[in-house]
Amino acid sequence: MSSIIHSLKQSLRWMIDNPYVLNWGPVERCILIFIFFIGIKILWVSWKVYILLNIDVQQFVHLSVVKFQLNFELIQIVVAALLIIVLSFLKGKKEIENYVPYFCVNLFAITLLPDGYLAGIFASNTMLNTACYLFVGIILFNYRVMASVVLLSSVCFGIIIDATLKGNIPYAPLFNFKTIGEPSYLNSFWLNSTSFFSFPILIACITVLILILKQLRERENYIAYLSEFDALTGIYNRRMLNLALAELDRNKFLTQINAMIMIDLDDFKDVNDTYGHLVGDLVLENTAEALKNVIRDSDIVGRFGGEEFLIILKNTSIEKTQVIAEKCHDALQQIEHLSKDQIKFKVSGSMGVAFMQQGELAMNSLHEADLALYRAKASGRNKICYASH
């Protein structure tokens, strides 16, 4: 028993700690719909308890149906709770997870069909709730799962509708329309009951949809961020640097020159080997932050790859470029990195600088900066070398 409670707590705690529904696996999503199912059943149970406690409204329903459905729904709540416990044990079992949604979603739909029939298959709350369930299901589960549930539900709905229209089964047997009267919407009990079964579910489904749509927007923004910025350092990635270089080519007839500074951290492999890759990542983050603080607002800095960085100086001069290069060089030497053992160490950088003259292609200048960087590394590292023109 303790293992069951522990497994259930773990699953529910994971769901609470990870509120991004779109990142949930199929088991967690199935647990969510059964929690939702229990909430629906609690609405029905509370409505029936209200009827049993208020003699004045009992004339508008068939009490025998109310009592039967009340007992049946209490059983459904217990079964749903047991299914949640079972599902908590299935998390991580890939061979089962693929088939769980088919069972759970179809069971959810089939179990709610009697509610729709008893309350009125053509009633507004039945139609509204069905639409809400479909919208939420389409977002939570893949199209194959939803195609199966739509097919099964459509067949069942069709059978109920056909039997109702032919008079083989009564319409909305839960209610006594002789006492409710016609039109039914003038009866306050009928109107309040319809609202009671419509608005809470509508609000719950809208809340879930808003939450999921919000998460979709956040995911889109994050994807857009990753397409532009390096995930580790927070500066531009290689893709954005290439776009910036292409932009320079489109504006290559400007009168002022542009410049490029290629930076490579010296002996960075030794940092990873000595202190570990997590400390190496910290060195890259510190380096990026230092370079951002040195350059001008109009300049661009990005991670070119590995431990290499590229700074693009727009509309600059030879003198300004030299000043910025020296500042970058000094900034790297001043950073005191910290290992896990609280050991302080420094990492220098070698730099290659090239100027993009009027009419010159950006990739040619980048190649010149790379050659200058190679000379800086070859001549002892921790130096600034300039491309010759």
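Residues numbered from 1 in each chain as written. Predicted model: local features only at pLDDT ≥ 70, side-chain atom pairs only at ≥ 80, totals over all residues. Heavy atoms only, no water.

Here we come to the packing of helix 6 (residues 124-140) against helix 9 (residues 188-228). Interhelical geometry of helix 6 versus helix 9 gives an angle of 15° and a closest axis separation of 9 Å. Viewed along their axes, helix 6 and helix 9 adopt a mutual orientation that is roughly parallel. Handedness of the crossing formed by helix 6 with helix 9: left-handed. Between helix 6 and helix 9, the residues in contact are Ser 124, Asn 125, Leu 128, Asn 129, Cys 132, Tyr 133, Phe 135, Val 136, Ile 139 and Leu 140 and Thr 194, Phe 197, Ser 198, Ile 201, Leu 202, Cys 205, Val 208, Leu 209 and Ile 212, respectively. Split into classes, the residues belonging to the contact of helix 6 with helix 9 amount to 14 nonpolar, five polar and no charged. (Axes fitted to C-alpha atoms, helices over the stretch in contact; angles between N-to-C directions. Helix = DSSP H or I, 4+ residues; strand = E, 2+ residues; numbered from the N terminus. Parallel < 35°, antiparallel > 145°, perpendicular 65-115°, else oblique. Left-handed = near helix turned anticlockwise from the far one by under 90°. Contact = heavy atoms within 4.5 Å. Nonpolar A, V, L, I, M, F, W, Y, C, P; charged D, E, K, R; others polar.)

A few words now on helix 5 (residues 100-119). Turn by turn, an α-helix covers 3.6 residues, leaving residues three or four places apart pointing in a common direction. Here helix 5 contains 20 residues, and its C-alpha end-to-end distance of 29 Å stays within 8% of the 28 Å for a straight helix at 1.5 Å per residue. Counting buried residues in helix 5 gives 15 out of 20 residues, a clear majority hidden from the surface. At the C-terminal side of helix 5, Gly 120 shows a positive phi close to 120°. (Expected span 1.5 Å × (residues − 1). Buried < 20%, exposed > 50% of the residue type's maximum accessible area, 1.4 Å probe, protein only.)

Once that is clear, we can look at the sheet that holds strand 3 (residues 308-316). Strands sit in the order 2-3-1-6-7 across an open sheet of five strands; the sheet is mixed. Edge positions in the sheet fall to strand 2 (300-305) and strand 7 (384-386), since each has one partner strand and no second. On average, each strand axis in the sheet is inclined to that of its neighbour by 20°, with strand direction left out of account. Here strand 6 (residues 349-356) pairs with strand 7 via three bridges, running parallel. Note that in strand 7 the partner of Gly 352 across the bridge is Cys 385. Most of the contacts of helix 13 (residues 318-334) go to strand 6, to which it runs at about 165°, and overall it touches strand 1 (257-265), strand 3, strand 6 and strand 7. (Pairing = 2+ DSSP bridges.)

Here the focus is the state of the cysteines. Using the criterion set out here, one finds zero disulfides in the structure. Lacking any disulfide linkage, Cys 104 is separated from the closest cysteine sulfur, that of Cys 30, by 3.7 Å. Judged by relative accessible area, which is 2%, Cys 104 ranks as buried. Residue Cys 385 stays outside any disulfide, its sulfur separated by 15 Å from that of Cys 328, the closest cysteine. Cys 385 sits in the buried class, given a relative accessible area of 16%. (Disulfide = S-S within 2.5 Å.)

A grouping of Phe 122, Met 127, Leu 165 and Tyr 171 is seen on the molecular surface, where their side chains present a nonpolar patch of about 400 Å² in accessible area. Structurally, the position occupied by Tyr 171 is in the loop between helix 7 (143-165) and helix 8 (177-180). (Patch = residues over 30% accessible without salt bridge, like charges linked within 9 Å, V, L, I, M, F, W, Y side chains within 5 Å. Areas by Shrake-Rupley, 256 points an atom, 1.4 Å probe, with all protein chains shown as cover. Salt bridge = Lys/Arg side-chain N within 4 Å of Asp/Glu carboxyl O.)

Taken as a whole, this structure holds 14 salt bridges when the rule is applied. With its nearest N and O atoms 3.5 Å apart, the salt bridge here joins Lys 292 to Glu 289. One end of the pair, Lys 292, and the other, Glu 289, are both in helix 12 (residues 277-294), three residues apart, so they sit about a helical turn from each other. The structure contains a network of salt bridges with shared partners spanning Lys 41, Lys 48, Glu 73 and Asp 115.

Looking now at the side chain of Asn 106. Checked against the element boundaries, Asn 106 lands in helix 5. Here the side chain of Asn 106 touches Ser 148 through a polar contact of 3.2 Å, side chain to side chain. If we ignore the near neighbours within four places in the chain, the residues touching Asn 106 are Pro 101, Ser 148, Val 149 and Leu 152. (Polar contact = N/O pair within 3.5 Å; in protein donor to acceptor, adjacent residues only side chain to side chain.)

Grouped together as the largest cluster of nonpolar side chains are 59 residues, with contacts concentrated most on Trp 47, Leu 87, Phe 141, Phe 175 and Phe 189. Looking at this core, the element that brings in the most residues is helix 2 (residues 26-53), giving 13 residues. Beyond its immediate stretch of four places on either side in the chain, Phe 175 contacts Trp 47, Phe 60, Val 61, His 62, Leu 118, Ala 119, Ile 180, Phe 189, Trp 190 and Ser 193. Listed in part, the 32 residues of the second largest apolar core include Ala 290, Cys 328, Leu 332 and Met 351. (Core = buried A, V, L, I, M, F, W, Y, C linked by side-chain atoms within 4.5 Å.)

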